[in-house]
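Chain by chain, the residues run as shown.
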Amino acid sequence: MLKNLIGVTLDTIERDKLSIQRLLEASQASLKDAQVMELSNEGRFDLAYKSITQSSSAAMQAHGYRVLTSKPGHHQTIIQSLVHTIGIDSSTLITLDQLRKHRNVIDYSGDIVSDTMLSEAIKQAMALLMECSYLYRSIFNAEPCIDPDDAPEIAAADLRRGIWSVNGKIVSEAEGRAAFSKKLKELGYSKNDS
């Protein structure tokens, strides 16, 4: 499907392990900066969105494509390509596209970012970074290029206050923890990594 966009909004490239690794590391750095509480919600949102586009670019490059940034709509193209590069579902695609649209509103009208919108952007950036890192590891048979220790620390009180959801369904804390552990194992992380 992406082949249909060559010359229109995409170009083909040789896969370069180091370039993809650098994009994932940049995505992780942007995500980490998005969690600096002293920054404004708008600045933090912009950094989380930047992390999303960096991870998306890494996924696209891992498949031998890059977006033509000189063409209009390149952010939309890079987000929509995630359906083909990492297989995101339609609800995630809709959420990411809403974040893209909100980012445009912020840039051109100075709109504010709510705590809820910021939280969603950070959550989506984290999930996307993990998925794209897994893609990188599977293609290049490589060690993780992101450091799970750079993720924000979550205290037990944070987990008790939160609402656990698996595939859009609200579940108990025990079910949520089990699903989280299972996903970490699928991504190749063990207890020794934490």
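Predicted model, so just to flag it, every value in this text is computed and none were measured.

Criteria and thresholds
Residues numbered from 1 in each chain as written. Predicted model: local features only at pLDDT ≥ 70, side-chain atom pairs only at ≥ 80, totals over all residues. Heavy atoms only, no water. Helix = DSSP H or I, 4+ residues; strand = E, 2+ residues; numbered from the N terminus. Buried < 20%, exposed > 50% of the residue type's maximum accessible area, 1.4 Å probe, protein only. Contact = heavy atoms within 4.5 Å. Axes fitted to C-alpha atoms, helices over the stretch in contact; angles between N-to-C directions. Parallel < 35°, antiparallel > 145°, perpendicular 65-115°, else oblique. Left-handed = near helix turned anticlockwise from the far one by under 90°. Core = buried A, V, L, I, M, F, W, Y, C linked by side-chain atoms within 4.5 Å. Salt bridge = Lys/Arg side-chain N within 4 Å of Asp/Glu carboxyl O. Expected span 1.5 Å × (residues − 1). Phe/Tyr/Trp six-rings, centres within 6.5 Å; stacked < 30°, edge-to-face > 60°. pLDDT = per-residue confidence, 0-100.

> For this particular structure, what's the right way to read the overall build of the protein?
Scanning the protein from terminus to terminus reveals eight helices and four strands. Beginning at the N terminus, the succession of helices and strands in the protein can be written as β-α-α-β-α-α-α-α-α-β-β-α. For the protein, the proportion of its 194 residues judged to be buried stands at 37%. Within the protein, contacts between residues separated by at least 24 positions form 69% of all contacts whose residues are at least 6 apart in sequence.

> Just to check I follow, could you spell out the packing of helix 2 (residues 41–62) against helix 5 (residues 90–109) for this structure?
Between two packed helices, the angle of one axis relative to the other and the distance separating the axes together describe the packing. For the pair helix 2 and helix 5, the least separation of the axes is 11 Å and the interaxial angle reads 135°. Comparing their axes, helix 5 and helix 2 come out oblique. For the element pair helix 2 and helix 5, the recorded crossing hand is left-handed. Along its contact with helix 2, which presents Phe45, Asp46, Tyr49 and Ile52, the element helix 5 presents Leu96, Leu99, Arg100, His102, Arg103 and Ile106.

> Would you mind going over the nonpolar core with me for this structure?
Taken as a class, soluble globular proteins show a tendency for nonpolar side chains to be buried jointly. Formed by 35 residues in total, the largest nonpolar core has its most connected members in Leu24, Phe45, Leu82, Ile86 and Leu96. Within the residue set of this core, elements represented by two or more residues are helix 1 (17–34), helix 2, strand 2 (65–67), helix 3 (74–80), helix 5 and helix 6 (115–140). Those residues within four positions of Phe45 in sequence are excluded, and the remaining contacts are Leu99, His102, Arg103, Ile106, Val113, Met117, Leu118 and Ala121.

> Just to check I follow, could you spell out the pattern of salt bridges for this structure?
Side chains that carry opposite charge are capable of pairing whenever their charged atoms lie near each other. What the rule picks out here adds up to five salt bridges. Across the pair Arg66 and Asp11 runs a salt bridge, and its minimum N-O distance is 3.4 Å. Here Asp11 lies in strand 1 (residues 10–12) and Arg66 lies in strand 2, a separation of 55 residues in the sequence. For Arg66, a relative accessible area of 39% gives the class partly exposed.

> Where do I start with the environment of Arg100 in this structure?
Tracing the backbone through its elements, the reader meets Arg100 in helix 5. For Arg100, a relative accessible area of 10% translates into the label buried. Ignoring any residue separated from it by four or fewer positions in sequence, one finds Arg100 in contact with Tyr49, His75, Gln76 and Ile79.

> Looking at this structure, I do not really get helix 1. What am I missing?
Along an α-helix, residues three or four apart share an orientation, since each turn contains 3.6 residues. Across its 18 residues, helix 1 extends 26 Å between first and last C-alpha, which sits within 8% of the 26 Å expected from 1.5 Å per residue. Among all positions in helix 1, only Ser19, Ile20, Leu23, Leu24, Ser27, Gln28, Ser30, Leu31 and Ala34 are buried. Check the buried side of helix 1 and you find it contacts helix 2 and helix 6.

> Where do I start with the packing of aromatic side chains in this structure?
The way to describe two aromatic rings as a pair is by their centre distance and the angle between their planes. A full pass over the atoms with the stated rule returns one aromatic pair. With centroids separated by 5.4 Å and ring planes inclined at 50°, the aromatic side chains of Tyr136 and Phe140 adopt a geometry described as tilted. Of this pair, Tyr136 and Phe140 both sit in helix 6, separated by four residues, roughly a single helical turn.

> Even after reading the chapter, I still don't get helix 6, so can you show me in this structure?
For helix 6, built from 26 residues, the straight-helix expectation of 38 Å at 1.5 Å per residue is met to within 8% by its first-to-last C-alpha distance of 37 Å. Within helix 6, the full set of buried residues consists of Leu118, Ala121, Ile122, Gln124, Ala125, Leu128, Leu129, Cys132, Ser133, Leu135, Tyr136 and Arg137.

> In this structure, what is going on with the environment of Ser57? I would like to understand it.
Summarising the element assignment, Ser57 is placed in helix 2. For Ser57, a relative accessible area of 18% gives the class buried. Filtering out sequence-adjacent residues up to four positions away, Ser57 remains in contact with Leu23 and Ile78.

> Just to check I follow, could you spell out the confidence of the model for the protein for this structure?
Predicted coordinates in regions of low pLDDT should not be interpreted in detail. Averaged over every residue, the pLDDT of the protein is 81; the share at 70 or more is 76%. Put simply, helix 7 (residues 156–161) is where the protein has its lowest mean pLDDT, 50, and helix 2 is where it has its highest, 94.

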